[in-house]
Amino acid sequence: MFSKPSLTTFFLLLSSRAFQLADPEANALRLSPAKTACSDLRIADSGDHSSWATPECIVCPRSAAQVASVLQTITATGAPFAIRSGGHSPNLGWSNIEGGVLIDLSRINEITYNPLSTNVVVGTGNRWGAVYSALEAHGRTAVGGRVSPVGVGGFLLGGGLSHVSNEYGLGCDNVVDYEVVLANGTIVNANTNSHSELYWALKGGTSNFGVITRFTLKTVPMSKIWGGVITYNATQAEAVIDAIYTYQTEHISDLKSAISVQFILGAGVVLVTLMYAQSISSSPVAFAPFDSLPYNFYTTTVDMHKDMYQDILSIATDTSEKIAKYQGAALIFVAQTISPTMTAGSAKTGGNALGLPQNTNMMWVNFAAAWELPADDDAVAKACKYGIQKISRTARAKGLSRDYLFMNDAGEDQDVLGSYGSENRAGLRKVAREVDPEGVFQILETGGFKL
Ligand SMILES: Cc1cc2nc3c(=O)[nH]c(=O)nc-3n(C[C@H](O)[C@H](O)[C@H](O)COP(=O)(O)OP(=O)(O)OC[C@H]3O[C@@H](n4cnc5c(N)ncnc54)[C@H](O)[C@@H]3O)c2cc1C
């Protein structure tokens, strides 16, 4: 359907469109061949070689109107493209692209709090740290990422698991309105009253429908918190996994509580905390040696069960031992406890596309591996995937397996949208056909899971 793009054509067409816009900021649209100019633009941001790529050109729109112009040009020229909000995805071709157009949304970074509605309008290019800082003065916070550098856009479009999800549900279920630029350049607002099917689809359907420029989010009250990190020796791993089980059976109903447990099981693994005592906007040269560790993600979902949890730990230990032979390799097994209240809220806010089991205590298991050498990419990924599949198989044999895969922890070759169930997948396809009949986001956009 789309022929091979000519970059020159793309440049010329986009430049002419940008200058024709009735947008006072049109001239501020940044456009550059990645290799020659715009030194302040980020080519590879997540710091891991698994997502390094060199786009032919990077565009940095400041408004929905400019995004519309970019998408019209992309559609007209058939240029492959990738979308970046926070740039936190480790998957190649998601928030970066080899040889195509990278739409870097970091300049769409508005944060406007409305004290009357207590909603906040957040540009997709923000990171959660900025959103939290802006809301702190109002005694509020948002249902956002658990670490501050994670981007707003990818997090919310993948569902979004927050420190406050036990009480307020997933991030996507706290989105009141999406400002979306469709492939044909139309700008629409999706909410419960307008484009309500698209509103539903965006809650878990990621980049299959358009570029989201702004999110209107509910905020929740927040003042001081209590918290910290305890470090146990790996010899206590079995006791810790039992403690997770006890927490989930006895204490998770205390909605103010949240836990996130990371098992770093490989021998000789070191946790490195980096701190730079000065306000800087990017990682200093001094930390560059830490920037080149790639990582991958794999996920599965199981029902809460004491013995199953021990099985997961044992499979994680095996996987960790298997990858230990690769230089610098370490496996992090993240045990994410999901309570019935976390998933119950969506019905009140228009539903979501995730197809989540209801009234269920679950664990969303995440394997995240880090290693050093590009030559080991495939071997490490294969071992991690095997481990996750073994957990699924074991859970299935015990009747404890769930189809659902949490997008934000998933490997690029996992069938996340299929895991939402055939009805929901068909619903997502229907919405995509309506808002993007030419399939621009299916064919030209390289990132995300496709329908
Ligand atoms: C260290 C770390 C901690 C994490 N913590 C959490 C956590 O606590 N909870 C959680 O739920 N997840 C977490 N994640 C996963 C994270 O939410 C996802 O990787 C998410 O995609 C990152 O958002 P981003 O904006 O930085 O994504 P990007 O890397 O910029 O984009 C990822 C993909 O999302 C799509 N996308 C992004 N923005 C848009 C847009 N505006 N319009 C259309 N499509 C878009 C594109 O397909 C893009 O390829 C974590 C990841 C890491 C690496």
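From a predicted model like this one, the values you see are computed outputs, not experimental measurements.

*Asks:* Could you give an account of the overall build of the protein chain, with specific residues and numbers?
*Replies:* In terms of regular secondary structure, the protein chain is built from 13 helices and 16 strands. Per-residue burial over the protein chain gives 47% buried out of 451 residues. Within the protein chain, residue pairs in contact and separated by at least 24 positions form 73% of the contacts whose partners lie at least 6 positions apart.

*Asks:* Before we move on, can you summarise helix α2 (residues 64-77) with the specific residues and values?
*Replies:* Its 14 residues give α2 an end-to-end C-alpha distance of 20 Å, which sits within 8% of 20 Å, the value for a rise of 1.5 Å per residue. Burial runs high along α2: 11 of the 14 residues are buried. Along α2, the residues that are buried comprise Ala 64, Ala 65, Gln 66, Val 67, Ala 68, Ser 69, Val 70, Leu 71, Thr 73, Ile 74 and Thr 77. One or two residues past the end of α2 sits Gly 78, with phi positive at roughly 70°.

*Asks:* Describe in detail the site of the ligand, supporting the description with residues and values.
*Replies:* In the vicinity of the ligand there are 31 residues, among which Gly 86, Gly 151, Gly 153, Gly 154 and Gly 447 approach most closely. Where the shell around the ligand is concerned, the elements lending two or more residues are β3 (81-84), α4 (152-157) and β10 (211-218). Among the elements that make up the shell around the ligand, the one with the highest residue count is α4 (four residues). Across the shell around the ligand, the residue classes tally to 11 nonpolar, 18 polar and two charged. A domain-level breakdown of the shell around the ligand finds at least three residues from each of domain 1 (7-104) and domain 2 (111-223).

*Asks:* How would you sum up the pairing of strand β15 (residues 362-370)? Please name residues and give values.
*Replies:* Most of β15 sits inside the fold, with eight of its nine residues counted as buried. Where strand β14 (residues 330-338) and β15 come together, nine bridges link them in antiparallel fashion. Note that in β15 the partner of Gln 336 across the bridge is Trp 364.

*Asks:* Give me the sheet that holds strand β8 (residues 175-181): which residues, what numbers.
*Replies:* An order of β5-β6-β10-β8-β9 is seen for the five strands of this open sheet, with the pairing classed as antiparallel. The sheet is open, and its two edges are formed by β5 (111-113) and β9 (187-190), each paired on a single side. Direction aside, the axes of adjacent strands within the sheet are offset by 15° on average. Strand contacts of α2: β8, β9 and β10, with the helix running at about 45° to β8, the strand carrying the most contacts. Where helix α3 (residues 128-136) meets the sheet, its contacts fall on β5 and β6 (119-123), and the angle it forms with β5 comes to roughly 30°.

*Asks:* Can you explain the packing of helix α9 (residues 306-323) against helix α11 (residues 377-397)? Please cite residues and give values.
*Replies:* Relative to each other, α9 and α11 sit at 165°, their axes nearing to 10 Å. Between α9 and α11, the crossing angle belongs to the class labelled roughly antiparallel. Handedness of the crossing formed by α9 with α11: right-handed. Of the residues in α11, those touching α9 at Met 308, Asp 311, Ile 312, Ile 315, Ala 316, Asp 318, Thr 319, Lys 322 and Ile 323 are Val 380, Ala 383, Cys 384, Gly 387, Lys 390, Ile 391, Thr 394 and Ala 395. In the contact of α9 with α11, the residues fall into 10 nonpolar, three polar and four charged.

*Asks:* Give a detailed account of the nonpolar core, specifying residues and quantitative values.
*Replies:* Core analysis: the biggest nonpolar cluster contains 110 residues, and Ile 103, Leu 198, Leu 202, Phe 209, Leu 331, Ala 369 and Cys 384 have the highest contact counts within it. For Cys 384, the residues in contact, after removing those within four places along its chain, are Asn 296, Tyr 298, Thr 319, Leu 331, Phe 367 and Ala 369.

*Asks:* Explain the environment of Ser 346 to me, using residue names and the numbers behind them.
*Replies:* Relative to the elements of secondary structure, Ser 346 occurs in the loop between α10 (340-344) and β15. For Ser 346, a count of 22 C-beta atoms within 10 Å gives the class buried. For the pair Ser 346 and Asn 174, spaced 172 residues apart in sequence, the C-alpha separation works out to 8.6 Å. With residues up to four places along the chain from it excluded, the contact list for Ser 346 reads Gly 169, Asp 173, Gly 351 and Asn 352.

*Asks:* Describe unusual backbone geometry, and please don't skip the residues or the numbers.
*Replies:* In this model, His 195 sits at a positive phi of 50°, which is unusual for a non-glycine residue. Of note, His 195 is situated in the loop between β9 and α6 (196-202). Residue classification places His 195 among the buried residues on the basis of 22 C-beta atoms within 10 Å.

*Asks:* Can you lay out the pairing of strand β4 (residues 101-104) for me, pointing to particular residues and giving the numbers?
*Replies:* Side-chain alternation along β4 places Val 101 and Ile 103 on one buried face and Leu 102 and Asp 104 on a second face that is also buried. Of the strand pairs in this sheet, strand β2 (residues 57-60) and β4 are connected by three bridges, and their pairing is parallel. In the strand pairing of β4, Cys 57 is matched with Val 101. Bridge analysis of β3 against β4 gives four bridges, and the strand direction is parallel.

*Asks:* Tell me what's going on with the environment of Lys 203, and back it up with residues and numbers.
*Replies:* With respect to the helices, strands and loops of the structure, Lys 203 is situated in the loop between α6 and β10. For Lys 203, a count of 26 C-beta atoms within 10 Å corresponds to the buried category. Lys 203 sits 31 residues away from Cys 172 along the chain, and the two C-alpha atoms are 5.2 Å apart. The residues contacting Lys 203, other than those within four sequence positions of it, are Cys 172, Asp 173, Val 175, Asn 352 and Ala 353.

Each value, and the rule that gives it
- Residues numbered from 1 in each chain as written.
- Predicted model: local features only at pLDDT ≥ 70, side-chain atom pairs only at ≥ 80, totals over all residues.
- Helix = DSSP H or I, 4+ residues; strand = E, 2+ residues; numbered from the N terminus.
- Buried ≥ 20, exposed ≤ 12 C-beta atoms within 10 Å, placed from the backbone.
- Contact = placed C-beta atoms within 7 Å.
- Expected span 1.5 Å × (residues − 1).
- Near = placed C-beta within 6 Å.
- Nonpolar A, V, L, I, M, F, W, Y, C, P; charged D, E, K, R; others polar.
- Domains from an automatic or database assignment.
- Pairing = 2+ DSSP bridges.
- Axes fitted to C-alpha atoms, helices over the stretch in contact; angles between N-to-C directions.
- Parallel < 35°, antiparallel > 145°, perpendicular 65-115°, else oblique.
- Left-handed = near helix turned anticlockwise from the far one by under 90°.
- Core = buried A, V, L, I, M, F, W, Y, C linked by C-beta atoms within 7 Å.

Function-wise, these values are silent; they only describe arrangement.
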